[in-house]
Amino acid sequence: MKCERKKQADTGNRRVPQEKVLSPFPCSDTNKRYHTYSYYLKQRYGQKLAKIPLDAGFTCPNRDGTKGYGGCRFCSSHGSGDTILCSGEDLRLQYEAGLERARRKWPDAAGIAYFQSFSNTYAPLPDIRRILEPVFCWEDVTEVSIATRPDCLDAGKISWLSKMGHIKPVWIEMGLQSAKDATMTAMNRGHGTEELAACMQLLKGTGIRTCLHIINGLPGESHEDMMETARLVARLKPDAVKIHMLHVISDSALGQDYRQSPFPLLSMEEYVQVVCDQLEILPPEMVVERITGDGVADNLLAPEWTVKKRVTMNAVDRELVRRGSWQGKRYKPEQ
């Protein structure tokens, strides 16, 4: 989606409520100064779409011994699927329960089937087809989004997903998390940035859309480390990015470390500064699906402020206004 700068209305000396003033950022029809996921979906489909998280029963190569055990140190025992209503149940039942919940909030919402838990292409292609292919036939699914890892994709799997994209749009979501390979080794990730960059190259030109996840506040990372992660995202040019704050989850390996010896975490104020700095160097057309994650209060050890998602989002909005800035203001294609 190409973003074109829109003209600001001349309000003269009249005071206009903040929510009525359009942002100077081109991909926005509200006061937001970054390319929100809701704006993208509204422009593409003309209605609200809700992601319905699903657990298809896969695992990860750093859990089953192929590359390690225990999974990523920041990940919960549910493999990031903590919000799934009926984990382990039939996929159709999971989807219907999730869509019903979404429609209690947005009655006319359509659904996106989001294979969220663990790595959803970590199996031989025939098994992946058997599990995922039926979902493309469900009439109440608008898109299919698949969370996985770069070391769980190959040319054959990508070719099949590209063909399925002619039935329903396909997204691949992968965790970059950090551009610093030393951090990812410490987090038991099991792959580095070179593998992710190579996979992104394989996905180019296939019609499959891509979303990368990054985590701010990982142990030992500086502000410059987090900015280098954003610069790598800008160079890789996925269609979308999700920006998260590190959640220290009680049943994660990192949570066990934190209980024994608490390590420094970003304050909300520090996090907001990092996010705004990152937004400024990302391409303006890149969709920002999240600027903070959903803290699950029941198993969140720290930081407690992440539970207040709306407060954090509002603080980012205010800081961008204070700076007179927006997504892409300092973007340089060669960065």
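Residues numbered from 1 in each chain as written. Predicted model: local features only at pLDDT ≥ 70, side-chain atom pairs only at ≥ 80, totals over all residues. Heavy atoms only, no water.

Student: Sorry if this is basic, but what is going on with empty space enclosed by the protein here?
Tutor: Gaps between atoms show up when a probe of the same size as a water molecule is rolled over them. One pass over the structure, following the stated rule, counts 1 cavity of 30 Å³ or more. Empty space within the largest cavity amounts to approximately 30 Å³. What lines the largest cavity is simply Gly175, Leu176, Ser178, Asp181, Met184, Arg189, His191, Gly192, Thr193 and Leu196. When contributions to the lining of the largest cavity are tallied by element, the ones reaching two or more residues are strand 4 (170-177), helix 5 (181-186) and helix 6 (193-203). (1 Å grid on protein atoms, 1.4 Å probe; cavity = no way out; pocket = protein on both sides within 12 Å on 5 of 7 lines; lining within 4 Å. Points joined across faces, edges and corners; volume = space filled by probe spheres on them. Helix = DSSP H or I, 4+ residues; strand = E, 2+ residues; numbered from the N terminus.)

Student: Would you take a moment to explain the packing of helix 9 (residues 268-281) against helix 10 (residues 309-323) for this structure?
Tutor: A pair of packed helices is characterised by two quantities: the angle between their axes and the separation of those axes. Where helix 9 contacts helix 10, the axes come no closer than 9 Å and their chain directions differ by 55°. With respect to their mutual orientation, helix 9 and helix 10 come out oblique. Relative to helix 10, helix 9 is oriented so that their crossing is right-handed. Seen from helix 9, the contacting residues are Met268, Tyr271, Val272, Gln273, Val275, Cys276, Asp277, Leu279 and Glu280; seen from helix 10, they are Val311, Thr312, Ala315, Val316, Glu319, Leu320 and Arg323. Residues of the contact of helix 9 with helix 10, tallied by class, amount to 10 nonpolar, 2 polar and 4 charged. (Axes fitted to C-alpha atoms, helices over the stretch in contact; angles between N-to-C directions. Parallel < 35°, antiparallel > 145°, perpendicular 65-115°, else oblique. Left-handed = near helix turned anticlockwise from the far one by under 90°. Contact = heavy atoms within 4.5 Å. Nonpolar A, V, L, I, M, F, W, Y, C, P; charged D, E, K, R; others polar.)

Student: Whenever I open this one, the packing of aromatic side chains confuses me. Can you help?
Tutor: By convention here, two paired aromatic rings are described through the distance between centres and the angle between planes. Overall, the coordinates contain 6 aromatic pairs when judged by the stated rule. Between tyrosine 37 and tyrosine 40, the aromatic rings sit 6.4 Å apart at their centres with planes inclined by 5°, giving stacked as the arrangement. Linking tyrosine 37 with tyrosine 40, this pair stays in helix 1 (residues 37-45), spanning 3 residues, or about one helical turn. No difference in accessibility class separates tyrosine 37 from tyrosine 40, as the two residues are buried. (Phe/Tyr/Trp six-rings, centres within 6.5 Å; stacked < 30°, edge-to-face > 60°. Buried < 20%, exposed > 50% of the residue type's maximum accessible area, 1.4 Å probe, protein only.)

Student: Help me understand the packing of helix 7 (residues 223-236) against helix 9 in this model?
Tutor: At a minimum axis separation of 9 Å, helix 7 and helix 9 run at an interaxial angle of 30°. As far as their axial angle goes, helix 9 and helix 7 are roughly parallel. For helix 7 against helix 9, the interelement crossing comes out right-handed. Residues His223, Met226, Met227, Ala230, Arg231 and Ala234 of helix 7 lie in contact with helix 9, whose contacting residues are Val274, Asp277, Gln278 and Ile281. Tallied by class, the residues present in the contact of helix 7 with helix 9 amount to 6 nonpolar, 2 polar and 2 charged.

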